[in-house]
Amino acid sequence: MPSQQTAWFAWRPGSHLAPASPPDAPVLAADSWLVQGGRARFTAGHRARFLAACRAAGAGPGLDAGGFFTQVLARLPRTGAWFPRVELLGGARPVLGLRLRPSPARTAQVRLGCWYGPDPRTCPRRKGPDLAALGTLRAHALDRGADDYLLTTPGGWVSESTSATLLWWEGERLCLPAPGLPVLPGITAAWITARATRLGIPLAARPARPADLSGHEVWLVNALHGIRPVTAWPHTPYRACLLYTSPSPRDRG
């Protein structure tokens, strides 16, 4: 069985991944997903998002990011639970690398606080550059009895949390933040909304303020935890509500 320790592998374009020490360089692009017993969901979506992020960060074709991702999938362990992260690290000579990490503990619910300070993100639609800042903000949430913070725009509209896509229910309608807001394209959220469409569940993308979510079932969704309902709103007057997380006719098919 592979050792359950974090390791880093550097990509040699057109060749292979080799164990190495990660360079001290900023993260220009990144992506991560859950691997259990050698199986993972939505790797095609994560690949597409990562390659798009690399292009947006200015990575040239000489890095062969597509070949890199293919080698990453071949390198992943076939036993155990892992949360690998692919990275484009910047500097004079950008490099691609695989950070092979054991999976963190997974949770089935979340306590969601509201962050009203400055938005720490500089590239909200590209995963990578803001990972450290968002991690610091999430640690602040934990210190205040929440698991994550809900981020809002300067106008007060909800966007996403520091680590997950926001979805919520209004009656029989599944809602997501309005188009055009600074939100990372969520791979898990895309699968959920596609499945909702197949099941005939109406969708609505609309602006909402934190207070508008009170009394509704709210979900945070990402590749690590899947769907987590919000069960508490620490330090806010908002009320958590659970309606649709138990098996129901909407889950059939």
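Note that the structure is a prediction, hence the values are computed from the model and not measured.

Describe the overall build of the protein, naming the residues involved and giving the relevant values.
Assigned secondary structure in the protein consists of 4 helices and 16 strands. Summarising its shape, the C-alpha atoms of the protein cover approximately 55 × 40 × 30 Å along the three principal directions. Classification of the 253 residues of the protein by burial places 44% in the buried group. Across the protein, the fraction of contacts at a sequence separation of at least 24, relative to all contacts at a separation of at least 6, is 68%. Accessible surface, the protein: about 12,300 Å² in total, of which carbon and sulfur atoms supply 55%. Taking the average place of the 29 positive charges on the side chains of the protein and the average place of its 15 negative ones, the gap between the two points comes to 6 Å.

Which residues make up the packing of aromatic side chains, and what values do they have?
Here a ring pair, both rings aromatic, is described through the centre-centre distance and the interplanar angle of the planes. Scanning the model with the defined rule gives 8 aromatic pairs in all. Seen in terms of ring centroids, F42 and W191 are 5.7 Å apart; in terms of plane orientation they differ by 35°. Their pairing is tilted. Here W191 lies in helix α4 (residues 187-198) and F42 lies in the loop between β5 (39-40) and α1 (43-56), a separation of 149 residues in the sequence. What makes W191 partly exposed here is its relative accessible area of 33%. On the basis of an interplanar angle of 45° and a centroid distance of 5.4 Å, the ring pair of W115 and Y149 is categorised as tilted. Separated by 34 residues along the polypeptide, W115 in the loop between β9 (110-114) and α3 (131-143) and Y149 in strand β10 (residues 148-152) bring together distant segments of the chain. Among the aromatic residues, those joined into a cluster by ring pairs are W11, W33, F50, F68 and F69. The ring of W191 has R41 sitting right over it, with the charged end atom 5.8 Å from the ring centre. Here R209 stacks its cationic end above the ring of W157, 3.9 Å away from the centre of that ring.

Give me the pairing of strand β7 (residues 85-89): which residues, what numbers.
Judged by how many residues are buried, β7 sits mostly within the fold: 5 of 5 residues are covered. Residues of β7 alternate between two faces, with R85, E87 and L89 on one and V86 and L88 on the opposite face, all of them buried. Relative to β7, strand β3 (residues 27-32) is paired through 5 bridges, and the arrangement is antiparallel. Of the residues in β7, the one forming a bridge with D31 is V86. As judged from the 5 bridges shared by β7 and strand β8 (residues 95-100), these two strands associate in the antiparallel manner. By the bridge assignment, L89 is partnered in β8 with V95. Turn length for the β7-β8 hairpin, with the two strands adjacent in sequence and antiparallel, is 5 residues, and the turn residue G91 shows positive phi of about 145°.

Can you lay out helix α2 (residues 65-75) for me, pointing to particular residues and giving the numbers?
Within α2, burial applies to A65, G66, F68, F69 and V72. Down the axis of α2, the buried side of the element spans an arc of 155°, and every buried residue falls inside it. Buried residues in α2 make contact with β1 (7-11), β2 (17-19), α1, β7 and β8.

I'd like a rundown of the environment of A108, residues and numbers included.
In this structure, A108 sits in the loop between β8 and β9. On the basis of relative accessibility, which here comes to 60%, the residue A108 falls in the exposed class. The spatial distance from the C-alpha of A108 to the C-alpha of R228 is 5.3 Å, given a sequence separation of 120 residues. Aside from chain neighbours lying at most four places away, what touches A108 is I227, R228 and P229.

Rules behind the numbers
- Residues numbered from 1 in each chain as written.
- Predicted model: local features only at pLDDT ≥ 70, side-chain atom pairs only at ≥ 80, totals over all residues.
- Heavy atoms only, no water.
- Helix = DSSP H or I, 4+ residues; strand = E, 2+ residues; numbered from the N terminus.
- Buried < 20%, exposed > 50% of the residue type's maximum accessible area, 1.4 Å probe, protein only.
- Contact = heavy atoms within 4.5 Å.
- Areas by Shrake-Rupley, 256 points an atom, 1.4 Å probe, with all protein chains shown as cover.
- Lys, Arg positive; Asp, Glu negative; His and termini not counted.
- Charge placed at Lys NZ, Arg CZ, Asp CG, Glu CD.
- Phe/Tyr/Trp six-rings, centres within 6.5 Å; stacked < 30°, edge-to-face > 60°.
- Lys NZ or Arg CZ within 6 Å of the ring centre and 35° of its normal.
- Pairing = 2+ DSSP bridges.
- Arc of directions from axis to C-beta.

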